[in-house]
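Coordinate analysis (summary)
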Amino acid sequence: MNLLEIENLKTYFFTEAGVVKAVDDVTLSVERGCTVGLVGESGSGKSVTAQSVLRIVPRPGKIIGGKILFNGEDLLLKKEEEMRKYRGKKISLIFQDPTSSLNPLFTIGSQLADIVIEHEKVKKEEALDRVIKALRIVKLPDPEHAIYQYPHQFSGGMKQRICIARALLLNPELLFADEPTTNLDVTIQAQIIALLKDLQRELGMTLVMITHDMGIVAEMCKYVVVLYAGNVMESGSIEEIFERPHPYTEALLKAVPRLDETRKLISIPGNIPNLIDPPSGCRFHPRCQYAIDLCKEKKPPLEDVGNSHFISCHRWRELQGGRS
Amino acid sequence: MGLAKYIIRRAIYMVPLIIGISLVSFLVMYAAGDPIQLATAGNPSITEAQRQFLREYYGLNDPIPVQYLRWLDHFVHGDFGKSLYGGRPVNEIISSLVWETAKLQLISILLAFFISIPAGVYSAVKQRSAADYTVSSVAIFGISVPVFWFGIVLILVFSYHLGWLPSAGAHGAPYLWPVFGIKNEFLDELAHLVLPVTVLTFANLAYNVRLLRAGMLEVLRQDYILAARASGIPERKVLYKYALKNAITPLLTLLGLSIGAMLAGAPVTETVFSWPGLGRAYVTASLRLDFPLIMGITMIITIMILIANLITDLVYAWVDPRVTID
Ligand SMILES: Nc1ncnc2c1ncn2[C@@H]1O[C@H](COP(=O)(O)OP(=O)(O)OP(=O)(O)O)[C@@H](O)[C@H]1O
Ligand code: SF4
Ligand SMILES: [Mg+2]
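A few points on the structure.

Conventions used here
- Residues numbered from 1 in each chain as written.
- Chains lettered and ligands numbered in written order.
- Predicted model: local features only at pLDDT ≥ 70, side-chain atom pairs only at ≥ 80, totals over all residues.
- Heavy atoms only, no water.
- Near = heavy atom within 4 Å.
- Polar contact = N/O pair within 3.5 Å; in protein donor to acceptor, adjacent residues only side chain to side chain.
- Areas by Shrake-Rupley, 256 points an atom, 1.4 Å probe, with all protein chains shown as cover.
- Helix = DSSP H or I, 4+ residues; strand = E, 2+ residues; numbered from the N terminus.
- Axes fitted to C-alpha atoms, helices over the stretch in contact; angles between N-to-C directions.
- Parallel < 35°, antiparallel > 145°, perpendicular 65-115°, else oblique.
- Left-handed = near helix turned anticlockwise from the far one by under 90°.
- Contact = heavy atoms within 4.5 Å.
- Nonpolar A, V, L, I, M, F, W, Y, C, P; charged D, E, K, R; others polar.
- Buried area = accessible area lost by both parts, 1.4 Å probe.
- Salt bridge = Lys/Arg side-chain N within 4 Å of Asp/Glu carboxyl O.
- Pairing = 2+ DSSP bridges.

Residue and element names in this part refer to chain A. In the neighbourhood of ligand 1, 16 residues make up the surrounding shell, with S42, G43, S47, V48 and E179 lying closest. In the model, an oxygen atom of ligand 1 is placed 3.2 Å from a nitrogen or oxygen of the S44 main chain. Note that an oxygen atom of ligand 1 is positioned 2.9 Å from one of the backbone N or O atoms of K46. Expressed as a share of its isolated accessible area of 630 Å², the protein-covered part of ligand 1 is 69%. Elements represented by at least two residues in the shell around ligand 1 include exactly strand 1 (4-15), strand 2 (18-30) and helix 1 (46-54). Here the shell around ligand 1 gets three residues from one element, more than from any other, and that element is helix 1.

Direction vectors running N to C along helix 3 (residues 108-120) of chain A and helix 11 (residues 235-247) of chain B enclose 160°, while the axes themselves pass 13 Å from each other. The orientation of helix 3 of chain A relative to helix 11 of chain B falls into the category roughly antiparallel. For the element pair helix 3 of chain A and helix 11 of chain B, the recorded crossing hand is right-handed. Contact with helix 3 of chain A, carried on its side by S110(A), Q111(A), D114(A) and E118(A), involves K237(B), K241(B) and Y242(B) of helix 11 of chain B and no other residues of that element. Classifying every residue of the contact of helix 3 of chain A with helix 11 of chain B gives one nonpolar, two polar and four charged.

All names here are of chain A. Mapped onto the fold, Q96 is located in the loop between strand 6 (91-94) and helix 3. A sequence separation of 85 residues divides Q96 from T181, and the C-alpha atoms of the two residues are 6.8 Å apart. In this view, Q96 contacts Q160, D178, E179, P180, T182 and N183; residues no more than four positions away in its chain are not counted.

Attention shifts here to the site of ligand 2. As a matter of local geometry, ligand 2 sits amid H246(A), P247(A), C282(A), F284(A), H285(A), C288(A), A291(A), C295(A), P300(A), C313(A) and H314(A). Within the shell around ligand 2, the residues separate by chemical class into eight nonpolar, three polar and no charged.

With 23 residues of chain B at the interface, the matching set in chain A holds 28 residues. Roughly 2300 Å² is buried in total at the junction of chain B and chain A, and carbon and sulfur atoms are behind 61% of that figure. Our count for the contact surface shared by chain B and chain A stands at four salt bridges. One salt bridge connects E118(A) with K237(B), and the closest N-O pair in it is separated by 2.7 Å.

Residue and element names in this part refer to chain A. Pairing within the open sheet is mixed, and its eight strands lie in the order 6-7-8-3-9-10-12-11. With one partner strand each, in any of the chains shown, strand 6 and strand 11 (303-304) form the two edges of the open sheet. In the sheet, strand 10 (residues 231-237) pairs with strand 12 (residues 310-311) via two bridges, with the strands oriented antiparallel. From the neighbouring strand, S235 faces strand 12, where its bridge partner is F310. Of the strands in this sheet, strand 6 and strand 7 (174-178) are in contact with helix 6 (residues 156-168), which crosses strand 6 at around 170°. Lying on the sheet, helix 10 (residues 247-254) is in contact with strand 3 (35-39), strand 9 (223-228) and strand 10; it crosses strand 9 at an angle near 100°.

Attention now goes to the side chain of S44(A). Residues and elements named next belong to chain A. For S44, the position within the fold is in the loop between strand 3 and helix 1. Of note is the side chain of S44, whose polar atom sits 2.7 Å from the backbone oxygen of E41. Excluding anything up to four places from it in sequence, S44 contacts A22, L227, Y228, A229, G230 and I272.

What follows is the structure, given as structure tokens:
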């Protein structure tokens, strides 16, 4: 059994301008002990997917359908208090921007210890010991002193280490890392990626790496799920996806920057669609170089094309022939 | 930098400020007119010679710089002189009124502060719900309704028609004693407080709630709130510990300002409820150009505001570690 199975998840934002279909019929699975990449351009629904699993989608967002099976149990059926016990304990989330995801007015020690206290009902001193241990695991220098400091006293890279420690405090089974390096300097990015890789291997953790950087995916992940405009375009092993990509993934791959450059995405021509009124048929059709009339009219189903490779495209099979 | 050193430095900075404000008030006051003329205007039998005598007696004929320096000399010795009306020492007048004003104001300001916390948090969390609209409407009503009108309505209803509460003064409503069953000074004082406190709390509450609601809406969008939820912190704690501390700083500023300015207080409310307070005395003194009393009250208010500002800054630095005092 997979650790996480998401089936037909729909998470919409009910804004004044209209209903934003941020995650629309997403199906994916995450094998225990693996690193899975969740990729897609900005606004494709990666963060909302992770937030949906934890059921912390902010208002006016709402999960309106689907199943989220964690160890076979549907998280969407849990009561709020039961669900709270999963957050931070069984499933954790690392945010994109370490600066904004640490509370500026509380010491590192107090905000991290609170998490241990809320889950394990231990005394403050014991909780702080656990915090120090976690900070040591992420190689934060001088953790005994760091717990009495405030977030603004650390550099960006150190703050992200603290955030990783926060996510690992209670040894979660599943860790979402939501673009954990986007806001960091290039050299620091490499260190954080190396740290996550090591931790994943040492702790045998299941890691979902959210990114729009195919370079990071190639470096870390065994499986990849590609999202576009709230839909899954394809999912499969890294080899399958690099060798026989979906047209959208192909465009993403062409956008991989050279290694010595900053890991900024060179964008695919055209814009990501408005999710209040998304394109008909295949959502990628306005930007797809292979689009035909059928793509506009009918939404391609997510089909198993063998080797655990799932594709949502009318023309993928046909295109494989041409590609040799 | 040391806290004591900081406080001492701030105190030293206050000296030129206090002198500057006193000088400006002094000049404005003298530009406003002649108090003796004003006081005697209604008295046809008074002669110009008698007026001259009064001006001489109160030292109003001396050149203004001389008058100011004399005033300053008395001020640094803690003496505000005597009222032009009745000749009571200003110090005595102020100390007899200051407690009544402070009592009324402090109760109202603190009540408004503490009520606004759950109200502001709740309406931010339930943004655009019926409860939020209710809180907002009450707040808008509180901001827009004139204090004197609201005060008079309360007096009409609760004093005049129902006869439950006294409508004027701070003490002594013997007709109430049978209601309490005993002659009780404390209950008497409380009964007098109810209506003016209601009016003032309501007026303060409106700003507080709106400020906190806006702050909370901003803070609740932040990643650290989502991160706290993602870590399994219970929602109550997320709101009242992690979010509130970030959203409350504007409210603390307002609290500091209100407490600082509280002695200038609520002249309108004090007038409507005939409250024996400093606010009402200030208005009366200004209308009569009672120079020593105006200066005395102005200086007390100035000093209070400066001290409250200093305390607000210290609280700020205590709440937010990124703020350094220097
Ligand atoms: N609070 C919100 N209110 C309205 N719409 C939202 C909200 N949060 C997200 N969305 C919408 O949901 C869609 C998906 O957003 P999401 O944050 O999941 O994208 P993402 O793939 O994580 O992008 P990025 O790479 O920029 O982080 C976006 O179109 C966004 O406009
Ligand atoms: S279905 Fe059509 S538009 Fe969509 S990716 Fe395939 S070819 Fe392109
Ligand atoms: Mg995101």
